[in-house]
Amino acid sequence: MPSALEQLAQSVKERRAILFVGAGVSMSVGLPSWEKLIEHMVDELGLDRDMVDMPEPSYQALAEYYRLKHGSLGPLRSWMDREWSISRENVKGSAIHKLIVSLDFPIIYTTNYDRNLEVAFEVHDRAFVKVANAKDIAKVNGDVTQIIKYHGDFDDDASLVLAESDYFERLSFESPLDVKFRADALGRTVLFIGYSMSDMNIRLLLYRLWETWRRSGYEKNRPKSFVFMPQPSVVQEAVLGRWGIDMLTDEADRPEDALVAFLGKLRDAIDPA
């Protein structure tokens, strides 16, 4: 029986796989962590750091408070757009981004707001279409890679899923991008990279996919999906395995090195020559 990596490689080779990209990929080229976002909001809102730390609110809750105080997330979005901008040279030099482009996924979903994936396709001369809202879906065609900004895009403030209420609204799993994801993912293999799997929104998404197949009565016919994690986890492996998600790992000193090694092995498995 083919190994998990071989099964995934076959799906990618046949263009029957979707890539889902998380924050770990962007942080690999120098984007700030969520902690820096929290620090900025605390400072701009004039909050006492000691009070904020006990108990520590999530960045979603702070963003919700920010919107209540300022009337919108516009200033915060502008700051994020400036601070989370990485030079084209850094993106071009990123082994992770180069491998993502070379693997030629027909559809890439990302919860990252930044433009790094789009820049990677540009600097490596690969065509793509960006989808951040319902209007963009009409631009999709089958000839070029779709980059779906699942949590929004800096070019469209209204598309951002950043504050707590934004996430709550997404829990219904019924927005246009959610409907598109269900249609895209239902009959394809999905590979998740750049996630710690502690994000409850992503976990809910995985659960809902499994639940859809389970209720259909054809769960055994569901294409296998995968998540890459730089460190093995018995708990995650068991829970995600229950939902039809195989865990793949490739340990290294740094998470980004582990991901580079894994994506390189995947590329080699697709094209051994």
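Caption draft 1: Quick peek at the domain arrangement of the protein. What the domain assignment lists for the protein is domain 1 (4-31 + 87-270) and domain 2 (34-84). Put simply, the middle of domain 1 and the middle of domain 2, counted by C-alpha atoms, are 26 Å apart. With 14 residues of domain 1 at the contact, the number on the domain 2 side is 15 residues. For the pair domain 1 and domain 2, the summed buried surface comes to about 1300 Å²; carbon and sulfur atoms form 63% of the total. Ranking the residues of domain 1 by area buried against domain 2 places Phe-154, Leu-162 and Glu-164 at the top, with a combined share of 41%. Scanning the region where domain 1 abuts domain 2 turns up 3 salt bridges. For the salt bridge of Asp-166 with Arg-67, the shortest nitrogen-to-oxygen distance reads 3.1 Å. Scanning the region where domain 1 abuts domain 2 turns up 8 residue pairs in polar contact (both at pLDDT 80 or more). Here the side of domain 1 that touches domain 2 gets 4 residues from one element, more than from any other, and that element is helix H11 (residues 164-170). Residue composition of the side of domain 1 that touches domain 2, by class: 8 nonpolar, 1 polar and 5 charged.

Caption draft 2: Unusual backbone geometry, seen in detail. The phi dihedral of Arg-15 is positive, around 55°, even though this residue is not glycine. Position of Arg-15 among the secondary structure elements: in the loop between helix H1 (4-13) and strand E1 (17-21). Residue Arg-15 is classed as partly exposed on the basis of its relative accessible area, which comes to 34%. Unlike most non-glycine residues, Asp-104 shows phi in positive territory, near 60°. Here Asp-104 lies in the loop between helix H8 (95-102) and strand E2 (107-110).

Caption draft 3: Representation of the pairing of E1 in the model. The element E1 is extensively covered by neighbouring structure, given that 5 of its 5 residues are classed as buried. Taking every second residue as pointing to the same face, both faces of E1 are buried, with Ala-17, Leu-19 and Val-21 on one and Ile-18 and Phe-20 on the other. Pairing of E1 with strand E5 (residues 189-193), which is carried by 5 bridges, proceeds in the parallel orientation. Note on E5: the bridge partner recorded for Ala-17 is Thr-189.

Caption draft 4: Geometry of the sheet that holds strand E3 (residues 128-131). Taken in spatial order, the 7 strands make up an open sheet running E3-E4-E2-E1-E5-E6-E7, and their pairing is parallel. Where the open sheet ends on each side, the last strands, each with one partner, are E3 and strand E7 (245-249). On average, adjacent strands in this sheet sit at an angle of 20° to one another, irrespective of strand direction. Of the strand pairs in this sheet, E3 and strand E4 (residues 145-149) are connected by 4 bridges, and their pairing is parallel. Pairing of Lys-130 across the sheet is with Ile-147, part of E4. Packing of H1 onto the sheet brings it into contact with E1, E5, strand E6 (225-229) and E7, and relative to E7 it is tilted by some 105°. Here helix H9 (residues 116-123) sits on the sheet in contact with E1, E2, E3 and E4, set at roughly 160° to E4.

Caption draft 5: Representation of the layout of surface pockets in the model. Put simply, the largest pocket is a space of about 680 Å³. Taken together, 28 residues form the lining of the largest pocket, with Ala-23, Gly-24, Gly-194, Tyr-195 and Ser-196 sitting closest to its centre. Those elements giving two or more residues to the lining of the largest pocket turn out to be helix H2 (23-27), helix H3 (34-45), helix H5 (59-70), helix H13 (200-216), E6 and helix H15 (255-270). Sorting elements by how many residues they give to the lining of the largest pocket places H2 first, with 4 residues. Of the residues contributing to the lining of the largest pocket, the split by class is 14 nonpolar, 11 polar and 3 charged. Each of two domains, domain 1 (4-31 + 87-270) and domain 2 (34-84), supplies a minimum of three residues to the lining of the largest pocket. In this structure, the second largest pocket occupies an estimated 260 Å³ of space. Lining of the second largest pocket is provided by 14 residues; of these, Ala-158, Ser-159, Val-161, Arg-170 and Ser-175 occupy positions nearest its centre. Elements with a contribution of two residues or more to the lining of the second largest pocket: H11 and helix H12 (176-185). Looking at the lining of the second largest pocket, the element that brings in the most residues is H11, giving 3 residues. Looking at the lining of the second largest pocket, its residues break down into 8 nonpolar, 3 polar and 3 charged.

Conventions we followed
- Residues numbered from 1 in each chain as written.
- Predicted model: local features only at pLDDT ≥ 70, side-chain atom pairs only at ≥ 80, totals over all residues.
- Heavy atoms only, no water.
- Domains from an automatic or database assignment.
- Contact = heavy atoms within 4.5 Å.
- Buried area = accessible area lost by both parts, 1.4 Å probe.
- Salt bridge = Lys/Arg side-chain N within 4 Å of Asp/Glu carboxyl O.
- Polar contact = N/O pair within 3.5 Å; in protein donor to acceptor, adjacent residues only side chain to side chain.
- Helix = DSSP H or I, 4+ residues; strand = E, 2+ residues; numbered from the N terminus.
- Nonpolar A, V, L, I, M, F, W, Y, C, P; charged D, E, K, R; others polar.
- Buried < 20%, exposed > 50% of the residue type's maximum accessible area, 1.4 Å probe, protein only.
- Pairing = 2+ DSSP bridges.
- Axes fitted to C-alpha atoms, helices over the stretch in contact; angles between N-to-C directions.
- 1 Å grid on protein atoms, 1.4 Å probe; cavity = no way out; pocket = protein on both sides within 12 Å on 5 of 7 lines; lining within 4 Å.
- Points joined across faces, edges and corners; volume = space filled by probe spheres on them.

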